[in-house]
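Reading the structure
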Amino acid sequence: QVQLVESGGGLVQAGGSLRLSCAASGLTFSNYVMAWFRQAPGEEREFVVGINQSGGKASEAESVKGRFTISRDNAKNMVYLQMNSLKAEDTAVYSCAASFSRVTIPTWKAGYAYWGQGTQVTVSS
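Residues numbered from 1 in each chain as written. Predicted model: local features only at pLDDT ≥ 70, side-chain atom pairs only at ≥ 80, totals over all residues. Heavy atoms only, no water.

1. Focus: the overall build of the protein
Stated formally: Each helix corresponds to a stretch of at least 4 residues labelled H or I by DSSP, and each strand to a stretch of at least 2 residues labelled E; elements are numbered beginning at the N terminus. The globule rule is 2.2 Å times the number of residues to the power 0.38, and the radius of gyration it is compared with is taken over C-alpha atoms. The contact rule is simple, with two residues in contact once any of their heavy atoms fall within 4.5 Å. Per-residue and other accessible areas follow the Shrake-Rupley method at a 1.4 Å probe size, with only the shown protein chains counted as cover for residues. For the purpose of counting charges, residues Lys and Arg are taken to be positive, whereas Asp and Glu are taken to be negative. His and the chain ends are not included. The location of each charge is read from NZ of Lys, CZ of Arg, CG of Asp or CD of Glu.
Across its full length, the protein holds zero helices and 11 strands. Starting at the N terminus and walking to the C terminus, you meet the elements of the protein as β-β-β-β-β-β-β-β-β-β-β. Whereas a compact globule of 125 residues would reach a radius of gyration of roughly 14 Å, the protein reaches 13 Å, a difference of no more than 12%. Projecting the C-alpha coordinates of the protein onto the three principal axes gives extents of approximately 40 × 25 × 25 Å. Excluding contacts between residues fewer than 6 apart, the proportion of contacts in the protein whose partners are at least 24 apart in sequence is 60%. Accessible surface, the protein: about 6300 Å² in total, of which carbon and sulfur atoms supply 47%. Once the 11 positive and 9 negative side-chain charges of the protein are each reduced to a mean point, those two points are 7 Å apart.

What follows is the structure, encoded as structure tokens:
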């Protein structure tokens, strides 16, 4: 079955950096748009950043533009999220997700068929 497993979360001070990883298995990875979503306590899950199948196009939420970068390695079935200049408001559980989309990088949750369990990122101010 399809599995998405995130790693790399933790506690970091404001202004610091973290790199999240997501290992995918059970799917033809290069066929899927991949994305990171996050959910803070008491908040809805929100789109953070996504990347198309080839890795040549990405889409980011305004709140993370210029600070977060998504990348993928189709040979390793991995997707990464490099987070720089972290802020307290970036504190959330970060989950990776896979989408069948062939046209766009969906920014809505229903656009994604598979989800990981998530990894906690806590930014102290």
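Picking up where we left off.
2. What about the state of the cysteines?
The criterion, for reference: Note on terminology: pairs of cysteine sulfur atoms within 2.5 Å are recorded as disulfides. Relative accessible area decides the class of each residue, using a 1.4 Å probe on protein chains only: under 20% of the type maximum gives buried, over 50% gives exposed, and in between gives partly exposed.
All chains considered together, the criterion is met by one disulfide. What pairs with Cys-22 in a disulfide is Cys-96, and their sulfur atoms sit 2.0 Å apart. Looking down the S-S bond of the Cys-22 and Cys-96 bridge, the torsion is 45 degrees, so its handedness is right-handed. You can see Cys-22 sitting in strand S3 (residues 18–25) and its partner Cys-96 sitting in strand S9 (residues 92–99), a full 74 residues away along the chain. The residues Cys-22 and Cys-96 share a single accessibility class, namely buried.

3. A short note on the packing of aromatic side chains
Applied cut-off: We call Phe, Tyr and Trp rings a pair once their centres come within 6.5 Å, taking the six-membered ring for Trp, and we label the pair stacked below 30 degrees between planes, edge-to-face above 60, and tilted otherwise.
For the structure shown, the criterion picks out seven aromatic pairs. Aromatic side chains Phe-37 and Tyr-112 sit 5.2 Å apart centroid to centroid with 80 degrees between the ring planes, which places their arrangement in the edge-to-face category. Highlighted residues: Phe-37 in strand S4 (residues 33–39) and Tyr-112 in the loop between S9 and strand S10 (114–115), separated in sequence by 75 residues. Its relative accessible area of 1% is what places Phe-37 among the buried residues.

4. Some thoughts on unusual backbone geometry
Located in the positive-phi region is Asn-77, a residue other than glycine, with phi close to 55 degrees. The topology assignment puts Asn-77 in the loop between strand S7 (68–73) and strand S8 (78–83). Residue class for Asn-77 comes out partly exposed when judged on its relative accessible area of 22%. Here the phi dihedral of Ser-85 falls at roughly 50 degrees; this positive angle occurs in a residue that is not glycine. Mapping Ser-85 onto the fold places it in the loop between S8 and S9. By relative accessible area, which is 41% here, Ser-85 ends up partly exposed.

5. Describing the sheet that holds S7
As a reminder, the rule being used: In this scheme, strands are said to pair when DSSP sees at least two bridges between them. Only the contacting stretch of a helix is used when fitting its axis, a line to C-alpha atoms as for every element, and angles between N-to-C directions run 0 to 180 degrees.
Strand order across the open sheet formed by four strands is S1-S3-S8-S7, with antiparallel pairing between neighbours. Looking at which strands have only one partner, the edges of the open sheet turn out to be strand S1 (3–7) and S7. Strand-to-strand twist across the sheet, computed as the mean angle between neighbouring axes with direction ignored, equals 15 degrees. Sheet analysis places S7 next to S8, joined by six bridges and oriented antiparallel.

Read these as layout, nothing more, since geometry by itself doesn't imply function.
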